[in-house]
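# A closer look at the structure
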Amino acid sequence: AQKVTQAQTEISVVEKEDVTLDCVYETRDTTYYLFWYKQPPSGELVFLIRRNSFDEQNEISGRYSWNFQKSTSSFNFTITASQVVDSAVYFCALSGWYSGGGADGLTFGKGTHLIIQP
Amino acid sequence: DVKVTQSSRYLVKRTGEKVFLECVQDMDHENMFWYRQDPGLGLRLIYFSYDVKMKEKGDIPEGYSVSREKKERFSLILESASTNQTSMYLCASRGTGDEQYFGPGTRLTVT
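Computed from a predicted model, the values in this text were never measured in an experiment.

What follows covers the nonpolar core. Residues and elements named next belong to chain A. Of all hydrophobic cores here, the largest spans 23 residues; its most connected members are Trp36, Phe75, Phe77 and Tyr90. Those elements giving two or more residues to this core turn out to be strand S2 (10–14), strand S3 (19–21), strand S5 (33–39), strand S8 (64–69), strand S9 (74–79), strand S10 (88–95) and strand S12 (112–117). Residue contributions to this core peak at four residues, all from S10.

Glancing now at the interface of chain B and chain A. Taken together, the 20 residues of chain B in the interface contact 20 residues of chain A. Of the roughly 1700 Å² buried between chain B and chain A, counting both surfaces, carbon and sulfur atoms make up 53%. Inspection of the region where chain B meets chain A yields zero salt bridges. Linking chain B to chain A there are three residue pairs in polar contact (both at pLDDT 80 or more). For the side of chain B that touches chain A, the elements supplying multiple residues, two or more each, are strand S4 (31–38), strand S5 (42–49), strand S9 (87–94) and strand S10 (100–102) of chain B. Considering each element in turn, the side of chain B that touches chain A owes the most residues, four residues, to S5(B).

The subject of this paragraph is the state of the cysteines. Inspection of the entire model under this criterion finds two disulfides over all chains. One disulfide bridge connects Cys23(A) with Cys92(A), the sulfur atoms lying 2.0 Å from each other. In this structure, the disulfide formed by Cys23(A) and Cys92(A) twists by about -65 degrees around the S-S bond and is classed as left-handed. With Cys23(A) in the loop between S3 and strand S4 (24–26) and Cys92(A) in strand S10, this pair connects stretches of sequence that are 69 residues apart. For Cys92(A), a relative accessible area of 0% translates into the label buried. The disulfide partner of Cys23(B) is Cys91(B), and the gap between their sulfur atoms is 1.9 Å. Taking the sign of the torsion about the S-S bond as the criterion, the disulfide between Cys23(B) and Cys91(B), at about -75 degrees, is left-handed. With Cys23(B) in strand S3 (residues 19–25) and Cys91(B) in strand S9, this pair connects stretches of sequence that are 68 residues apart.

Conventions adopted
- Residues numbered from 1 in each chain as written.
- Chains lettered and ligands numbered in written order.
- Predicted model: local features only at pLDDT ≥ 70, side-chain atom pairs only at ≥ 80, totals over all residues.
- Heavy atoms only, no water.
- Core = buried A, V, L, I, M, F, W, Y, C linked by side-chain atoms within 4.5 Å.
- Buried < 20%, exposed > 50% of the residue type's maximum accessible area, 1.4 Å probe, protein only.
- Helix = DSSP H or I, 4+ residues; strand = E, 2+ residues; numbered from the N terminus.
- Contact = heavy atoms within 4.5 Å.
- Buried area = accessible area lost by both parts, 1.4 Å probe.
- Salt bridge = Lys/Arg side-chain N within 4 Å of Asp/Glu carboxyl O.
- Polar contact = N/O pair within 3.5 Å; in protein donor to acceptor, adjacent residues only side chain to side chain.
- Disulfide = S-S within 2.5 Å.

Without other data, these values stay purely geometric and don't point to any function.
Structure below.
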């Protein structure tokens, strides 16, 4: 069975601080995908990034960066110089490999509520 | 841009009613998914479909069924709604890059 753990239920920081959201996963699959989604107060889930299990290269996109480490089964997400607009619930998710090709349904963590105070 | 739409943002039904939640995507994706989101539990997979007339159970299929008669449309059916099915229901469509795009959600209240 797959499992995703986001131990931080809520994080509150002051604007311009850096913040890291932790994600630890469990799977028996050798091929799998990891995702991060953002859910702002409007409620719609916004896709941020996808990583497959063969690609441990870290990624940076503007103020966002992701650190994937298979050795510790972690896929952490860092926001640099946080802004009020970053306030949202962030979900880490995991999927296996569907025999027909591509990612299977997602197993989500319970989310981290990030509050950026002005 | 990928567009996933859901028939209603808010829905109120009575216990025992048959409920249909509709989802439509406009990107010719083969794969579609239904999740429910509950406070403290996160999102959980109910059912998914890899092709027309194909369906697979997710983690919590009990009390639900699905229908996929056309590629662009995936329906979630509550045969006899119960109060424990009060939840936010999210539909998703999977693209070629393997990311899942989500609809705006339907908040269902069963009284």
